[in-house]
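# Architecture at a glance
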Amino acid sequence: MVYHSSFVDEEGITKACGCPLLPLKSHIKGPAPVSNQDRTDIVDEAITFFRANVFFRNFDIKSSADKLLIYLTFYINVALKRLEGCRTLAEGTKAIINLGLEKVPVPGESGFPFPGLFALPQSHKEAELFRNYLRQIREETSGRLLSVAYRPNGTPNKWWLAFAKRKFMNIIVP
């Protein structure tokens, strides 16, 4: 059974491209509202559920937050693929920074991994809002992923990096 997001109540949450812009426990500047540090956010959920959800080929969507969970699961898969050859935390950090510098596609642009998952942006402003949110959430996910993919002494955690070989929803990671 797939793990779903606990963020089902979306009252008062801004949306872009049919995706809720959920609060993040983040110091990274962006359009996401700031969440309390003691509460679980969508990035925590994505990292916690990744190792279970990555085994599924189908993912039934129960709320629009599940769409974001699917996107983050795919992004974690891409990030782990980049970390696969990195033997130290410093190398892994460099690889993740390079991943963060890549262009973030939005629905309707080439390179977006899930063409039918999110609604197409209705305006350029909505597209930029969604792009900035995805950039912010990717940066936050990358930072937290490094803390679980590498041990405190800087060596790779094989129990995490082994999942780089998995294909999420049969999508081949570039």
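Residues numbered from 1 in each chain as written. Predicted model: local features only at pLDDT ≥ 70, side-chain atom pairs only at ≥ 80, totals over all residues. Heavy atoms only, no water.

Identification of the protein as Actin-related protein 2/3 complex subunit 3 from Nyssa sinensis is taken from an unreviewed UniProt entry. Word for word, the UniProt comment on the protein under Function (unreviewed entry) is "Functions as component of the Arp2/3 complex which is involved in regulation of actin polymerization and together with an activating nucleation-promoting factor (NPF) mediates the formation of branched actin networks." Database annotation for the protein, UniProt heading Sequence similarities (unreviewed entry): "Belongs to the ARPC3 family." (UniProt positions renumbered as here; feature names shortened; annotations may be inferred.)

Let's shift gears to the pattern of salt bridges. Under the counting rule described, the total for this entry stands at nine salt bridges. Across the pair Lys81 and Glu84 runs a salt bridge, and its minimum N-O distance is 3.8 Å. Classification of Lys81 by relative accessible area gives partly exposed; the value is 33%. The salt bridge involving Arg82 is made with Glu102; its shortest N-O contact spans 2.8 Å. (Salt bridge = Lys/Arg side-chain N within 4 Å of Asp/Glu carboxyl O. Buried < 20%, exposed > 50% of the residue type's maximum accessible area, 1.4 Å probe, protein only.)

Now for the packing of aromatic side chains. Tallying each qualifying case throughout the model produces seven aromatic pairs. Ring geometry for Phe112 against Phe118: centres 5.8 Å apart, planes inclined by 70°, an arrangement best described as edge-to-face. Across this residue pair, the class does not change: Phe112 and Phe118 are buried. Among the aromatic residues, ring-to-ring pairing joins Phe50, Phe55, Trp160 and Phe163 into one connected group. (Phe/Tyr/Trp six-rings, centres within 6.5 Å; stacked < 30°, edge-to-face > 60°.)

Looking now at the side chain of Ser35. Within the secondary structure layout, Ser35 lies in the loop between strand E2 (19–20) and helix H1 (42–53). On the basis of relative accessibility, which here comes to 12%, the residue Ser35 falls in the buried class. Not counting the four nearest positions on each side in its chain, Ser35 is found in contact with Pro23, Leu24 and Lys25. (Helix = DSSP H or I, 4+ residues; strand = E, 2+ residues; numbered from the N terminus. Contact = heavy atoms within 4.5 Å.)

The calculated volume of the largest pocket comes to roughly 240 Å³. For the largest pocket, the lining is made up of 14 residues, of which Phe74, Val78, Glu102, Gly111 and Arg138 are closest to its centre. Tallied by class, residues from the lining of the largest pocket come to nine nonpolar, one polar and four charged. (1 Å grid on protein atoms, 1.4 Å probe; cavity = no way out; pocket = protein on both sides within 12 Å on 5 of 7 lines; lining within 4 Å. Points joined across faces, edges and corners; volume = space filled by probe spheres on them. Nonpolar A, V, L, I, M, F, W, Y, C, P; charged D, E, K, R; others polar.)

On to the state of the cysteines, then. Overall, the coordinates contain zero disulfides when judged by the stated rule. Summary of cysteine pairing: Cys17 is not part of a disulfide, and the nearest cysteine sulfur, belonging to Cys19, is at 8.1 Å. According to the relative accessible area criterion, Cys17 is buried, its value standing at 1%. (Disulfide = S-S within 2.5 Å.)

Once that is clear, we can look at the packing of helix H2 (residues 64–83) against helix H3 (residues 89–100). When two helices pack together, their arrangement is given by the angle between the helix axes and by the axis-to-axis distance. Two elements in contact, H2 and H3, have axes whose closest approach is 9 Å; the angle formed by their N-to-C orientations is 135°. Between H2 and H3, the interaxial angle falls into the category oblique. When the axes of H2 and H3 are compared, the crossing they make is right-handed. Residues Tyr75, Val78, Ala79, Arg82 and Leu83 of H2 touch H3, and the partners they reach there are Gly92, Ala95, Ile96 and Leu99. By residue class, the composition of the contact of H2 with H3 is seven nonpolar, one polar and one charged. (Axes fitted to C-alpha atoms, helices over the stretch in contact; angles between N-to-C directions. Parallel < 35°, antiparallel > 145°, perpendicular 65-115°, else oblique. Left-handed = near helix turned anticlockwise from the far one by under 90°.)

Mapped onto the elements, Asp66 comes out in helix H2. Among buried charged residues, Asp66 stands out as having no salt bridge; its nearest opposite-charge side chain is Lys62, 7.2 Å away. One polar contact links the side chain of Asp66 to the main-chain amide nitrogen of Lys62, over a distance of 2.9 Å. When sequence neighbours within four positions are dropped, the list of residues in contact with Asp66 reads His4, Ser5, Phe59, Asp60 and Ile61. (Lys, Arg positive; Asp, Glu negative; His and termini not counted. Polar contact = N/O pair within 3.5 Å; in protein donor to acceptor, adjacent residues only side chain to side chain.)

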